Amino acid sequence: DNLRRKKGASLPLPPGPKPLPFIGSVLAIDSNKPWETYSKWGELYGSIIYARFLNQDVIIVNSEKIAKDLMERRSKIYSDRPFIATVEPFGWSFNFALSPYGDLWRTCRRFIHQTFRPESSLNFRPMQLEKAHQLLVNLLQTPEDCFAHVSTYTAAIGMSSVYDYDVLPRNDPMVETINKALFLGIRVMTPERSMLLGALPFLARLPSWLPGATISRDAELSRRYVADMIEQPLKYLQDNIYQSDPSLQTLTLANSCLTSQILQKGQHTETDGSEKFDEALRLSTSTAFAAAAETTSSVIRFFILAMVLDPSIQERAYAQIKSVTGTERMPNFEDRDSLPYIDGIVRESMRWQPIFPMGVVHATTSDDIYDGCFIPKGAMIFPNVWAMAHDESIFPNASEFKPERWLRSDGQLTDAEPPIFTFGFGRRICPGRHLADASIWAAIIYCLTTFQFGKVKDAHGKDIDFVPTYTSGVARQPERFPLRIIPRIPDLDVDKLSQLVRAGE
Ligand code: HEM
C-alpha cells in the first residue's frame, strides 16, 4: 500500500501512519489542534509525512525548509487549492484565496498585487496612522470594548484600502457584518473538518428546522451574512463611485484604493465591462477586505495577551521608545529602524501563536518526487506552520514570547528572516503582508507609547490570574480575556492624545 507506480518505477510514499479504515483517520485527529497530532507524527516519521484521509492523499510538512523546497521552489505544481466541501455551503466562494490555480485566480492576484505590493502599500501609511489614532481614542474611552476596537481598527484599514470607505469610529454596520460573516465560516473551513463534512455531505443539506441540525443552520446563516458582506460595499460603490453625472465616468474614489486601481486598469484593457472582469473585480475586492480584517486583528490580540501575561516586555519597549522619540510626540514609521525591540515584539506576535497554525492548504497539480519519495498529483499539502514556529532548534523555549530572540547582544535586529512563513508560501503567499505588517506595527507602537496593559486586580490589589483560551478553526485567536488598560500619561484625554499624534506627524 505504501508504494506507487510512476513511469514504471516503484517509489515509496513519504513515511506516515497506517491509513485507518473509513473516517477513522480523520476522527483520530483533534480537529481543534491538528498541528499537535502532526507534530507527534513528525517525531515518529520525520518532517515530511504521508497520510490518507478517506480517499484523499495528504502530505504534511513540518519543516520550513521542506515547505519552501516544495511550495516555493516548485511552486508551478504546488499552488493549487483542493476542493473544500464547506466552501460552497457556507457561501465562501466569494473568496479567491480558495480558488483553484487558474486564470481567474491569476487575474485577481494581479489586481491585488498592484495595490498591495511594497511600494504601493506605502500610500496607506498616513491612513493607517489615522486609524491607529482612532484605536487609541476608543481604548481610552471604552477600554472594556478592547476586542471590538481592535476589529474596528483592522476592518477600517481594510475598507479604506479596498473601497476608500471610511468606517464609523465605533459600531460601524459594515464592520459588524464582516465579523458575523467570517465567524461561522472560519470554524469549518479547515481541511480536516471539511473532509468530514465531505464524507457526510447530508449534514450540510439537513433542513434547518431539524433539531440538532446546527451545521446546516450555520451554513444558511453564513451564506446570508456573506451575501450582506459583499452587497453592502457594492451598494456603497454604486452610490459613490462616480460623480453625480455617471456619463462623466470620473472616479471619486481615492486613487490608491484597490477598487479604483482595478477600474482604472480595466478601462484600458480589453477585459473592460466583460463578465470576467466584473467577476474578478468582485472577488478580489471582497477577498481582500475579508482577508485583511480578522487576520490582522488576531495578531494584535495575541500581542495584547502577551503584554498582559508578561508586563516586563512593555516596560522594556517603553524605555526604548522614550530614549528614541521622547515623551512629547508619537513615534511614526520613520522611527521604525531606531526601535528594534518593537520589531522583536512584532515578530514574536506573528510567531508565538501563528494565527493560521496549519497555514492555508495547497494542492499539487502533477505527480512529483521529493527526496526519493513519490508525491501524487491532487495531494493536499498541509504546512504545519505551528511546528515551524515552535522548532526548538531555531526558536529555543519556543512557547515563550521573547522579543530578544530577534536581537543581537547590542540590541540591533539579527540577520534572521522575520517569520514570513506565517504568511504562507510561494505563488500563494499572502499578498497583503506588507499592509498587515504596517498595520500591526502602527497599532503596537501607538499602544505601547500610550498604555500599559495589565491583569484585572482583586479587592486586595492582587492580579487575578487567568488561563488563556483560543478559538478554533482555520484561523485562531485568543478568546476574550480580562484586562486593564492604563494610560501612561496622567490625565490623558482626547485632546492631549491628538497633540501627541500631531506632534509625531
Ligand atoms: C497578519 C495578517 C495576515 C496573515 C497572518 C495572513 C496570512 C495569510 C496566509 C497564511 C495566506 C495563505 C498563503 C498560502 O496559501 O500559502 C494568505 C492568503 C491571502 N491573504 Fe493574507 N494574511 C494577513 C493579512 C492580509 C491582508 C491585510 C490582506 C489584504 C490585502 C490579505 C490578503 C490575502 C489574500 C488575497 C490571500 C490569497 C492569496 C492567494 O490565494 O493567492 N491578507 N494570507
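Residue indices follow the written sequence of each chain, beginning from 1 at its first position. A pLDDT threshold of at least 70 governs which residues receive local features in this predicted model, and a stricter bar of 80 or more applies before side-chain atom pairs are shown or counted, although totals over entire chains, interfaces and linings include all residues. Values shown for side chains rest on all heavy atoms present in the structure; no hydrogens or waters enter the calculation.

Participant: Could you clarify how one ought to interpret the nonpolar core in this entry?
Facilitator: Counting 127 residues, the largest nonpolar core has Trp92, Ile304, Ile345, Phe382 and Phe453 as the members making the most contacts within it. Per-element tally for this core: the top contributor is helix H13 (residues 275-309), with 17 residues. A contact between two residues is defined here by any heavy atoms of the two lying within 4.5 Å. Sequence-distant contacts of Phe382, that is, excluding residues within four places in its chain, are made with Tyr38, Phe53, Val58, Ile59, Ile60, Val61, Pro191, Glu192, Met195, Met358 and Val361. By size, the runner-up hydrophobic cluster in this structure holds 25 residues, among which are Leu11, Tyr50, Met71 and Val385. Buried residues of nine kinds, namely Ala, Val, Leu, Ile, Met, Phe, Trp, Tyr and Cys, make up a nonpolar core once their side-chain atoms join them within 4.5 Å. We call a residue buried when its accessible area falls under 20% of the maximum for its residue type, exposed when it is over 50%, and partly exposed in between, using a 1.4 Å probe and counting protein chains only. Each helix is a run of H or I in the DSSP string that is no shorter than four residues. Each strand is a run of E no shorter than two, and both are numbered from the N terminus.

Participant: Just checking my understanding: could you explain the site of the ligand for this structure?
Facilitator: In these notes, residues near a molecule or strand are those with any non-hydrogen atom within 4 Å of it. The environment of the ligand is made up of 29 residues, and the closest members are Arg81, Trp105, His362, Arg428 and Cys430. The contact in question runs from an oxygen atom of the ligand to an N or O atom on the side chain of Arg81, over 2.8 Å. A 3.5 Å cut-off defines polar contacts: any pair of N or O atoms within that distance qualifies, except that in protein one atom must be a possible hydrogen donor and the other a possible acceptor, and neighbouring residues in sequence count only when both atoms are side-chain atoms. In this structure, Trp105 approaches the ligand through a side-chain N or O atom, which is 2.8 Å from an oxygen atom. Those elements that place two or more of their residues in the shell around the ligand are helix H4 (103-116), H13 and helix H17 (433-450). Its residues assigned to classes, the shell around the ligand comprises 19 nonpolar, seven polar and three charged. Basically, the charged four are Asp, Glu, Lys and Arg, the nonpolar ten are Ala, Val, Leu, Ile, Met, Phe, Trp, Tyr, Cys and Pro, and anything else, Gly included, counts as polar.

Participant: Sorry, what's going on with the environment of Asp69 here?
Facilitator: Here Asp69 shows up in helix H3 (residues 64-72). Sequence-wise, Asp69 and Gly426 are 357 residues apart; in three dimensions their C-alpha atoms are separated by 9.6 Å. In contact with Asp69, other than residues within four places in its own chain, are Arg74 and Tyr370. Side-chain polar atoms of Asp69 contact the side chain of Arg73, separated by 2.6 Å.

Participant: What's the story with the packing of aromatic side chains in this structure? I'm lost.
Facilitator: Remark: the centre distance and the inter-plane angle together describe each pair of aromatic rings, the angle taken between the planes. Pairing of aromatic side chains here covers Phe, Tyr and the six-membered ring of Trp, requires ring centres within 6.5 Å, and sorts the geometry by plane angle: under 30 degrees stacked, over 60 edge-to-face, intermediate tilted. The full count for this structure, using the stated rule, is 19 aromatic pairs. Aromatic pair Phe111 and Phe277: ring centres 6.0 Å apart, planes at 75°, arrangement edge-to-face. On the criterion of sequence distance, the pair formed by Phe111 in helix H4 and Phe277 in helix H13 is long-range, its members being 166 residues apart. Exposure class is identical for Phe111 and Phe277. Each is buried. Their ring planes at 5° and their centres at 5.6 Å tell us that Phe466 and Phe481 sit as a pair that is stacked. Of this pair, Phe466 sits in the loop between strand E9 (451-454) and strand E10 (484-487) while Phe481 sits in the loop between E9 and E10; the two residues are 15 residues apart in sequence, bridging distant segments of the chain. By the ring-pair criterion, three or more aromatic residues cluster together here, those being Tyr38, Trp41, Phe53 and Phe382. Both a distance and an angle decide whether a charge sits over a ring: NZ of Lys or CZ of Arg must be within 6 Å of the ring centre and within 35 degrees of the ring normal. When the ring centre of Phe333 is taken as origin, the NZ or CZ atom of Arg125, which lies over that ring, is 4.3 Å away.

Participant: Can you walk me through the side chain of Asp218 in this structure?
Facilitator: Position of Asp218 among the secondary structure elements: in helix H11 (residues 214-240). Note on Asp218: relative accessible area 17%, which makes it buried. In this structure, Asp218 is in contact with Phe90, Leu184 and Arg187, ignoring residues within four places of it in sequence.

Participant: For this particular structure, what's the right way to read the side chain of Ser99?
Facilitator: Relative to the helices and strands, Ser99 resides in the loop between H3 and H4. Accessibility expressed as a relative area gives 11% for Ser99, which makes it buried. Here Ser99 is in contact with Arg81, Trp105 and Arg428, once residues within four sequence places are set aside.

Participant: Honestly, the sheet that holds strand E4 (residues 56-61) in this entry has me stumped. Any pointers?
Facilitator: Two modes of strand pairing occur in sheets, parallel and antiparallel, and in both the strands are linked by backbone hydrogen bonds. Taken in spatial order, the four strands of this open sheet run E3-E4-E8-E5, and their pairing is mixed. Of all strands in the sheet, those bounded by a partner on one side alone are strand E3 (48-53) and strand E5 (362-363). Strand pairing requires that DSSP identify at least two bridges connecting the strands. In the sheet, E3 pairs with E4 via six bridges, with the strands oriented antiparallel. Across the sheet, Phe53 pairs through a bridge with Gln56, a residue of E4.

Participant: Looking at this structure, how should I read the coordination of the iron atom of the ligand?
Facilitator: Reference values for coordination geometry: four tetrahedral donors around a metal ideally subtend 109.5 degrees, six octahedral donors ideally subtend 90 or 180 degrees. Exactly one protein atom donates to the iron atom of the ligand; that atom is Cys430 (SG), 2.3 Å from the metal. With respect to the helices, strands and loops of the structure, Cys430 is situated in the loop between helix H16 (385-389) and H17. For Na, K and Ca the donor cut-off is 3.2 Å, and for all other metals it is 2.8 Å, counting N, O and S atoms only; because water is absent from this set, sites may look incomplete.

Participant: Whenever I open this one, unusual backbone geometry confuses me. Can you help?
Facilitator: In most cases, non-glycine residues show a negative phi, while peptide bonds are predominantly trans. The phi angle at Asn171 is positive, at roughly 50°, despite the residue not being glycine. Assignment of secondary structure puts Asn171 in the loop between helix H7 (146-163) and helix H8 (173-188). Backbone geometry at Asn397 places phi at a positive 50°, although glycine is not the residue there. Along the chain, Asn397 falls in the loop between H16 and H17.

Participant: It is not clear to me how the pattern of salt bridges should be interpreted in this structure. Could you clarify?
Facilitator: Oppositely charged side chains are able to pair whenever their charged atoms sit close together. What makes a salt bridge here is a side-chain nitrogen of Lys or Arg within 4 Å of a carboxyl oxygen of Asp or Glu, nothing more. Summed over the entire model, instances satisfying the criterion amount to 22 salt bridges. Close ionic contact of Asp343 with Arg336 constitutes a salt bridge, the shortest N to O distance being 2.8 Å. Of the residues examined, Asp343 reaches a relative accessible area of 8% and is grouped as buried. Take Arg336: its relative accessible area is 13%, and that puts it in the buried class. For Arg351, the salt bridge identified is with Glu348, shortest N-O distance 2.7 Å. A residue pair is termed a helical-turn pair when its members lie 3 or 4 positions apart in one helix, as Arg351 and Glu348 do in helix H15 (residues 340-351) at three residues. Judged by relative accessible area, which is 0%, Glu348 ranks as buried.

By themselves, these figures tell us nothing about what the structure is for.
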